[in-house]
Amino acid sequence: MLYKISLGTSDINKYRLIQSRELIDEVVSLGKDLKGLRLCHINSTPFGGGVAELLVSYIPLLRVLGIEADWQVIRGDRHFFTITKGLHNALQGAPLEEIKKQSVRRRYLSNNLSNARELDPNYDVFIVNDPQPAALRHYSPESKAKWIWRCHVDSSQPDATVWNFLRPYIQEYDAAVFTTKKFVPKNLRLGKITTMTPAICAFSSKNMFIKKYVCREMLENLGFDHNRFLVTQVSRFDRWKDPFGTISAYRLAKKEIPGLQLAMIGSFAQDDPEGWDMYADIQAEANKDDDMFIYSNLTGIGNMEVNAFQRASDVIIQKSIREGFGLVVAEALWKETPVIAGNAGGIPLQMTGNLSNYLVNSVEECAEKIVHLLRDPALCQRLGEEGKEIVTREFLMPRLVRDELRLIKSLVNK
Ligand code: UDP
């Protein structure tokens, strides 16, 4: 059932070039304290979306520190992932009537049961990401490991029926981790509830330095005119990312900035069956407009291309209306590109200081900010520099490794 993702090790010392010595020393020392610890992260998709993005660079860092870390992905069919996408949406507040049906609950639970039966028990710690595999702990009653549930979505106001269904399974964990305090559902009772924000890898192909002219050339090859402004949104084809809000804002801004181009870069994920319909709808909009482009991981847009878009676009938009964190925001800020983003969920944690002036609550506000930024390149540069500082200080991998290893140490030492 579950399958292990092939990963190697990476080099923590590279971070010494850009992060404080105290931080890296603490991370190395935590690694020594926990040397040989067997840790397994579990989620529901090997690609597409923030969790997969995180784990692919996080696990190799743990390994180089001496932790025997693995990443395993549960299996499921389309029915299962339709239910779990509903659970994901419901944690973010959308009602899910189907969860009242016994057959739906049974399908979710029986999938978790079969995955649990196949799970290699030889780990000291399991970290289970998001609601899809949340009942694995329940179906591993013999396990002596420590179990942590990591919630990546904005679960501050979950649909009550869904939350009442999931809550008992989550309360069986040793600890739960949320991105920020306000995401912790009010009635969750658990020995340990803590918070930590996600982070990006500065050296991955998604975020490594690429010269601007190479990025521009890559974009030109895809059909963009570098003499005209380009704004881009990068995200799964998901309703909470508000792609149609972004398209409407672009259309409004285009009245002031003729020739403006829009790129909608999206990805599909194994656990996200809703993406296809959304893709078709966005494509229909793109068909009406020669300056609007839609690309996906299925049409050759991989990490390097996303990197190029995030570097060479004049402005990155992330008009989410619910957002767990929004790695795409950190990725763009890291590249010193100004970001206009929805004032939602975890995004304001990243857009602090002057950047907070570019948190938007409506299509009109988004359009207005696009025009404002495109007319002021010096401001864009200042915001870009401020953004990079924020990410360097708070949202790079070693800080996340430190937070997670501190938590693990506190659990295994008990
Ligand atoms: N992503 C990508 N290609 C795409 C769309 C998204 O590589 O076409 C990546 C993006 O760069 C980011 C992740 O998927 O690393 C999305 O994470 P985020 O936290 O922004 O949103 P989530 O999908 O987890 O809700």
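Attention here is on the structure that accompanies the text. In this text the structure is predicted, and so the values were computed from the model without any measurement.

1. Details of the nonpolar core
Next, step 1: Formed by 91 residues in total, the largest nonpolar core has its most connected members in Ile148, Met351, Ile370, Leu405 and Ile408.
Next, step 2: With 8 residues, the single largest contributor to this core is helix α2 (residues 50-64).
Next, step 3: Leu405 has contacts with Val27, Leu30, Gly31, Leu34, Leu62, Leu65 and Ile67, leaving out every residue within four places of it along the chain.
Next, step 4: Counting 41 residues, the second-largest nonpolar core is a separate cluster that includes Ile74, Leu109, Phe165 and Leu190.

2. Focus: the packing of aromatic side chains
Next, step 1: In total, this model carries 19 aromatic pairs according to the counting rule given.
Next, step 2: Seen in terms of ring centroids, Phe224 and Tyr295 are 6.2 Å apart; in terms of plane orientation they differ by 55 degrees. Their pairing is tilted. A residue pair is termed long-range when its members are at least 10 positions apart, and Phe224 in the loop between α6 (212-221) and β8 (230-234) and Tyr295 in strand β10 (residues 292-296) qualify at 71 residues. Of the two residues, Phe224 and Tyr295, both sit in the buried class.
Next, step 3: Between Phe293 and Tyr295 the ring centres are 6.3 Å apart and the planes differ by 15 degrees, which places this aromatic pair in the stacked class. By the burial criterion, Phe293 is buried, and Tyr295 matches it.

3. So, the pattern of salt bridges
It is possible for side chains bearing opposite charge to pair when their charged atoms get close.
Next, step 1: Under the definition given, this model contains 28 salt bridges.
Next, step 2: The partner of Arg228 in a salt bridge is Asp225, and the shortest N-O contact between them spans 3.1 Å.
Next, step 3: Classification of Asp225 by relative accessible area gives partly exposed; the value is 27%.
Next, step 4: Put simply, Glu394 and Arg393 hold a salt bridge, and the shortest N to O gap is 3.6 Å.

4. Quick look at the site of the ligand
Next, step 1: Contacts to the ligand come from 17 residues, most closely from Gly50, Arg236, Lys241, Leu327 and Glu331.
Next, step 2: Lys241 has a polar side-chain atom sitting 2.7 Å from an oxygen atom of the ligand.
Next, step 3: A distance of 2.8 Å separates an oxygen atom of the ligand from a polar atom in the backbone of Leu327.
Next, step 4: Bound to the protein, the ligand loses 90% of the 540 Å² it would expose on its own.
Next, step 5: Among the secondary structure elements, those contributing two or more residues to the shell around the ligand are α2, β9 (261-266) and α10 (327-334).
Next, step 6: No other element matches the 3 residues that α10 contributes to the shell around the ligand.
Next, step 7: Of the residues that constitute the shell around the ligand, the class distribution is 5 nonpolar, 6 polar and 6 charged.

5. Points about the state of the cysteines
Next, step 1: Here the structure, examined in full by the defined rule, presents 0 disulfides.
Next, step 2: In this structure Cys40 is a free cysteine whose sulfur lies 19 Å from that of Cys151, the closest cysteine sulfur available.

6. With respect to the sheet that holds strand β7 (residues 192-195)
Next, step 1: Strand order in this open sheet of 7 strands is β1-β3-β2-β4-β5-β6-β7, and the pairing throughout is mixed. Of all strands in the sheet, those bounded by a partner on one side alone are β1 (3-4) and β7.
Next, step 2: As paired elements, β1 and strand β3 (residues 68-73) share 2 bridges and run antiparallel to each other. Across the sheet, residue Tyr3 finds its bridge partner in β3, namely Val73.

7. Focus: the packing of α2 against helix α14 (residues 397-412)
Next, step 1: α14 packs onto α2 with a crossing angle of 70 degrees between their chain directions and a minimal axis gap of 11 Å. In terms of orientation, α2 lies roughly perpendicular with respect to α14. In this structure, α2 meets α14 at a crossing whose hand is right-handed. Taken together, the residues of α14 that come into contact with α2 (itself represented by Leu54, Ser57, Tyr58, Leu61 and Leu62) are Met397, Leu400, Val401, Glu404 and Leu405.
Next, step 2: The residue inventory of the contact of α2 with α14, partitioned by class, reads 8 nonpolar, 1 polar and 1 charged.

The rules behind the values
- Residues numbered from 1 in each chain as written.
- Predicted model: local features only at pLDDT ≥ 70, side-chain atom pairs only at ≥ 80, totals over all residues.
- Heavy atoms only, no water.
- Core = buried A, V, L, I, M, F, W, Y, C linked by side-chain atoms within 4.5 Å.
- Buried < 20%, exposed > 50% of the residue type's maximum accessible area, 1.4 Å probe, protein only.
- Helix = DSSP H or I, 4+ residues; strand = E, 2+ residues; numbered from the N terminus.
- Contact = heavy atoms within 4.5 Å.
- Phe/Tyr/Trp six-rings, centres within 6.5 Å; stacked < 30°, edge-to-face > 60°.
- Salt bridge = Lys/Arg side-chain N within 4 Å of Asp/Glu carboxyl O.
- Near = heavy atom within 4 Å.
- Polar contact = N/O pair within 3.5 Å; in protein donor to acceptor, adjacent residues only side chain to side chain.
- Areas by Shrake-Rupley, 256 points an atom, 1.4 Å probe, with all protein chains shown as cover.
- Nonpolar A, V, L, I, M, F, W, Y, C, P; charged D, E, K, R; others polar.
- Disulfide = S-S within 2.5 Å.
- Pairing = 2+ DSSP bridges.
- Axes fitted to C-alpha atoms, helices over the stretch in contact; angles between N-to-C directions.
- Parallel < 35°, antiparallel > 145°, perpendicular 65-115°, else oblique.
- Left-handed = near helix turned anticlockwise from the far one by under 90°.

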